Each structure stands twice: as structure tokens, then as C-alpha cells.
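Residues per chain are reported as follows:
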Amino acid sequence: MFLALLVCGLVVALVVIGLFVFGLRRRLIQRAGGTFDCSLHWNVPDDPDPSGKGWVYGVARYSGDEIAWFRVFSYAPRPRRVLERSSIVALERRSPEGEEELALLSDAVIQPCMYEGVRLELAMSEDARTGFMAWLEAAPPGQRVNVA
């Protein structure tokens, strides 16, 4: 009986510690400021699949001329993707279709982009998209603006 209670207590403690570390990691990512909720779909085929597969929920953070994208459900302290402003080409935005509406946050709009020959899509709120487009167009003098 004592052993069963000890094992259950250890399992509960590990779950609580794991959740605490998730929260602490997100807090540390957001501490630098300039973050927004952003789902990512990497290497999208030319014909978008409305099934909602391939989307990964994350948090993006502006960092100078880069956007660092972190998976939400990860313990990794480093970003999963780093996108340089000069290599991002924004395409025409679109709304979620089919089951994508279930895979994304309720107010999300999809911003398709090209990044170094790879097609990707970012799903974010309309306000975050406005900020993203402003950041993209605010490149330093001498750099090209990459909005299609």
C-alpha cells in the first residue's frame, strides 16, 4: 500500500513539475517582448490541404531582423525555426478552410510566405498579422521589401 502511494505521489509530482517547466519556458520566451501566438505549417504543397494536418502551435518572437519561432509543447530553450526578414516573401493572405478552422485558433488568418525556396504558412490573429506585415515592410534602408 505504501509503495503504491509513493509511486502515485511521484507521478503526480512529475506531472506538476513538467507543467511548471512548460509555463516557465513560455514566460522566459515572452519576457523579451515582441511575442505573438503563431501556428506554423512548413513546406506547404502548392495545393493547400484543408484537412488541418501539418499545423504546429507555437509562439513567435521578433528579434531584430529575425523572427524566432518556438513550439509551445516543447522543452527546448532554443527556437525551432529562425526566419530572417530579408528572406521572407509574403504572399496573399487567406482564411482557414475546411478542418483548418478546427486546427487553428478561432480568430486566425493565414499568411502564406516563401522562405529561401520553401513555402510556409503562418496562422495568427489579424492584429498580429498587421504587426508582422509592418515589421516586414520596415526593413532598413537599402534592403528590398519582400511583399508580393
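Every residue gets a number counted from 1 within its own chain, in the order that chain's sequence is written. In view of the model being predicted, local features appear only for residues whose pLDDT reaches at least 70, and side-chain atom pairs are presented and counted only at 80 or more, with totals across whole chains, interfaces and linings using the full set of residues. Remark: hydrogens and water are excluded; side-chain values derive from all non-hydrogen atoms of the structure.

- The name an unreviewed UniProt entry gives the protein chain is DUF2550 domain-containing protein, with Streptomyces zaomyceticus as the organism.

1. A look at a nonpolar patch on the surface
Point 1. Residues enter a patch when their relative accessible area is above 30% and they make no salt bridge; the linking distance is 9 Å between like charges and 5 Å between nonpolar side chains (Val, Leu, Ile, Met, Phe, Trp, Tyr). Note on areas: Shrake-Rupley with a 1.4 Å probe; residue coverage comes only from the protein chains shown. We count a salt bridge whenever a side-chain nitrogen from Lys or Arg sits within 4 Å of a carboxyl oxygen from Asp or Glu. A surface patch of nonpolar side chains, amounting to about 820 Å² of accessible area, comprises F2, L3, L6, V7, L10, V11, V15 and L19.
Point 2. Structurally, L3 is set in helix 1 (residues 2-31).
Point 3. Overall, L3 belongs to the exposed group, its relative accessible area being 62%. Helical segments are the DSSP runs of H or I of at least four residues, strand segments are the runs of E of at least two, and each set is numbered from the N terminus. When a residue's accessible area, from a 1.4 Å probe over protein chains only, is under 20% of the maximum for its type it is buried; when over 50% it is exposed; and in between it is partly exposed.

2. Remarks on the sheet that holds strand 4 (residues 66-71)
Point 1. One bridge is not enough; two strands pair if DSSP finds at least two bridges between them. Overall, antiparallel pairing links the 4 strands, which are arranged 1-3-4-5 in an open sheet. The open sheet has two edge strands with one neighbour each: strand 1 (35-37) and strand 5 (81-84). Mean inter-strand twist for the sheet, computed between neighbouring axes without regard to direction, equals 20 degrees.
Point 2. Direction of pairing for strand 4 relative to strand 5: antiparallel, over a ladder of 4 bridges. Bridge assignment links W69 to a residue of strand 5, and that residue is R81.
Point 3. Here, two residues are considered to be in contact whenever any of their heavy atoms come within 4.5 Å of each other. Fitted lines through C-alpha atoms serve as axes, helices being fitted only where they are in contact, and the angles separating the N-to-C directions of these axes extend from 0 to 180 degrees. Contacting strand 1, strand 3 (58-63) and strand 4, helix 1 crosses the sheet at an angle of about 25 degrees to strand 3.
Point 4. Lying on the sheet, helix 3 (residues 126-137) is in contact with strand 1, strand 3 and strand 4; it crosses strand 3 at an angle near 35 degrees.

3. With respect to the side chain of S39
Point 1. Along the chain, S39 turns up in strand 2 (residues 39-42).
Point 2. Beyond its immediate stretch of four places on either side in the chain, S39 contacts W55, V56, Y57, G58, L104, E121, L122 and A123.

4. Brief notes about the packing of aromatic side chains
Working definition: an aromatic ring pair is given by the centre-to-centre distance plus the angle between the planes.
Point 1. A pair of Phe, Tyr and Trp rings is counted when the ring centres sit within 6.5 Å of each other, with Trp represented by its six-membered ring. The angle between the planes then sorts it: under 30 degrees is stacked, over 60 is edge-to-face, the rest tilted. Tallying each qualifying case throughout the model produces 4 aromatic pairs.
Point 2. Grouped by ring-pair contacts, the aromatic residues F36, Y62, F132 and W135 constitute a single cluster.
Point 3. For a ring to carry a charge above it, either NZ of a lysine or CZ of an arginine must fall within 6 Å of the ring centroid while also lying within 35 degrees of the normal to the ring plane. In this structure, R81 packs its charged tip against the face of W42, placed 3.9 Å from the ring centre.

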